[in-house]
Amino acid sequence: MEQFRADGLRGELRQHEPLSGHTSWRVGGPARVFYRPADRDDLANFLAGLPADEPLLWLGLGSNVLIGDAGFAGTVIQTQGCLSALERRDGNLVYAEAGTSCAKLARFAARHDLTGVEFLAGIPGTMGGALAMNAGAWGGETWERVLRVHTIDRHGRIRERGAEDFAPAYREVKGPAGEWFLDVELALEPGDGAAAMVSIRELLDRRALSQPIGLPSCGSVFRNPPDDFAARLIESQGLKGYRIGGAQVSEKHANFIINTGNATAADIAGLIDHVRDQVEDRTGIRLHTEVKRIAGDFS
Ligand SMILES: Cc1cc2nc3c(=O)[nH]c(=O)nc-3n(C[C@H](O)[C@H](O)[C@H](O)COP(=O)(O)OP(=O)(O)OC[C@H]3O[C@@H](n4cnc5c(N)ncnc54)[C@H](O)[C@@H]3O)c2cc1C
């Protein structure tokens, strides 16, 4: 591929890769280039060889993104299944590379009698995505536990940064521009691993009761507005079950939109807009999406 100058790449490079296979909504057109690095050095080498103006998209498990049917006219870097080192370190620390799954990390911590990240067990994403989104559940949030991270920029330069370099908020974090997460060190509490495993199972059971687990979705579509719940507002407008094409507001949880089988990204985007407009027209409250809309013809 002539636009890439890097020699000796060891990762997996695909062209025109359908992103529907890499998102939990199962929608999204092709990425012009799709790269799965072999390791961090390979990733740094790959990035250093990219044209300076190449659009870049980082993808973990794709559980919080809506990628348009037109796809992504740039390069997608996928960390899931690649950057997945996970280890316990002295001082009750757990080190994880960005592609490590949150669920794996939660169980790993419990097996090492470390507590404080049980909530991650129910989040179907990677640690890179959890850092980018400040993912949280049941009162816990990712950045509460972060000690330090390594980031990488588009030239392949790696930096160590402390938690103080970032300003986490509800489902977002502000930090140095143009840097992506390579890994994280989490400071946990020593505790009872068996009890942590019990908590994990209870949290997963509660989730299964209240959420349409197993159907393609991206979890909560909208952020909760201050002092209220997006699901309550959507349900109060009778929108549960409302459909556009193959996209449907879940009957089980009104803040979930599910792909019933043949939804397009445009169906989902149309339904998001419809729900937001209906809620705003009738309650005066404008909902904001938690899910990230990426490129495409609907953004
Ligand atoms: C059934 C279901 C339940 C869910 N429940 C919850 C929940 O309880 N709480 C919650 O917070 N979320 C929840 N989510 C949403 C989602 O799982 C989280 O936001 C998760 O953290 C996203 O991780 P990911 O790896 O899939 O990220 P992706 O969806 O791949 O990416 C999300 C964003 O992070 C960016 N990103 C990814 N990797 C990196 C990186 N290494 N460096 C910098 N940026 C990066 C992407 O570019 C994108 O902007 C749920 C989703 C589903 C499908």
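Procedures and definitions
- Residues numbered from 1 in each chain as written.
- Predicted model: local features only at pLDDT ≥ 70, side-chain atom pairs only at ≥ 80, totals over all residues.
- Heavy atoms only, no water.
- Helix = DSSP H or I, 4+ residues; strand = E, 2+ residues; numbered from the N terminus.
- Near = heavy atom within 4 Å.
- Polar contact = N/O pair within 3.5 Å; in protein donor to acceptor, adjacent residues only side chain to side chain.
- Areas by Shrake-Rupley, 256 points an atom, 1.4 Å probe, with all protein chains shown as cover.
- Nonpolar A, V, L, I, M, F, W, Y, C, P; charged D, E, K, R; others polar.
- Buried < 20%, exposed > 50% of the residue type's maximum accessible area, 1.4 Å probe, protein only.
- Pairing = 2+ DSSP bridges.
- Salt bridge = Lys/Arg side-chain N within 4 Å of Asp/Glu carboxyl O.
- Phe/Tyr/Trp six-rings, centres within 6.5 Å; stacked < 30°, edge-to-face > 60°.

*Asks:* Which residues make up unusual backbone geometry, and what values go with them?
*Replies:* Unusually for a residue other than glycine, Asp 113 sits at a positive phi of about 55 degrees. Inspection of the secondary structure puts Asp 113 in the loop between α2 (102-111) and β8 (114-115). The backbone of Asn 134 shows a phi angle near 45 degrees, a positive value even though the residue is not glycine. Tracing the sequence through the fold places Asn 134 in the loop between α3 (127-133) and β9 (136-137).

*Asks:* Describe the site of the ligand, naming the residues involved and giving the relevant values.
*Replies:* Near the ligand, the surroundings consist of 32 residues, among which Trp 58, Ser 63, Thr 126, Gly 136 and Arg 207 are the closest. Between the ligand and the protein, one listed contact pairs an oxygen atom with a backbone N or O atom of Trp 58 at 2.7 Å. Ser 63 is positioned such that a nitrogen or oxygen atom in its side chain is 2.6 Å from an oxygen atom of the ligand. Taking 980 Å² as the accessible area of the ligand by itself, protein coverage stands at 92%. Where the shell around the ligand is concerned, the elements lending two or more residues are β3 (56-59), α3, β9 and β15 (179-187). Broken down by element, the shell around the ligand gets its largest block of residues, 5 residues, from α3. For the shell around the ligand, the per-class residue count stands at 16 nonpolar, 12 polar and 4 charged.

*Asks:* Tell me about the pairing of strand β2 (residues 30-36), and name the residues and values.
*Replies:* Of all 7 residues that make up β2, 5 are buried, and the element is covered over most of its length. Where strand β1 (residues 12-18) and β2 come together, 6 bridges link them in antiparallel fashion. Bridged to Arg 14 within β2 is Phe 34. Relative to strand β5 (residues 72-78), β2 is paired through 4 bridges, and the arrangement is parallel. Note that in β5 the partner of Phe 34 across the bridge is Val 76.

*Asks:* How would you summarise the pattern of salt bridges if you had to cite specific residues and measurements?
*Replies:* Pairing between side chains of opposite charge can happen when the charged atoms of each approach one another. With the rule as written, the count across this model stands at 25 salt bridges. Put simply, Asp 153, Arg 157, Arg 159, Arg 161, Asp 165 and Glu 179 are held in one network by salt bridges that share partners.

*Asks:* With reference to specific residues and values, describe the packing of aromatic side chains.
*Replies:* Geometry of an aromatic ring pair is reported as the spacing of the ring centres plus the angle between the planes. Under the defined criterion, the tally for this structure stands at 5 aromatic pairs. Note on Trp 58 and Trp 180: the rings are 5.4 Å apart at their centroids and 15 degrees apart in plane angle, and the pair reads as stacked. With a gap of 122 residues between them, Trp 58 in strand β3 and Trp 180 in strand β15 connect regions that are remote in the sequence. Residue classification places Trp 58 among the buried positions, given a relative accessible area of 16%. Accessibility expressed as a relative area gives 23% for Trp 180, which makes it partly exposed.

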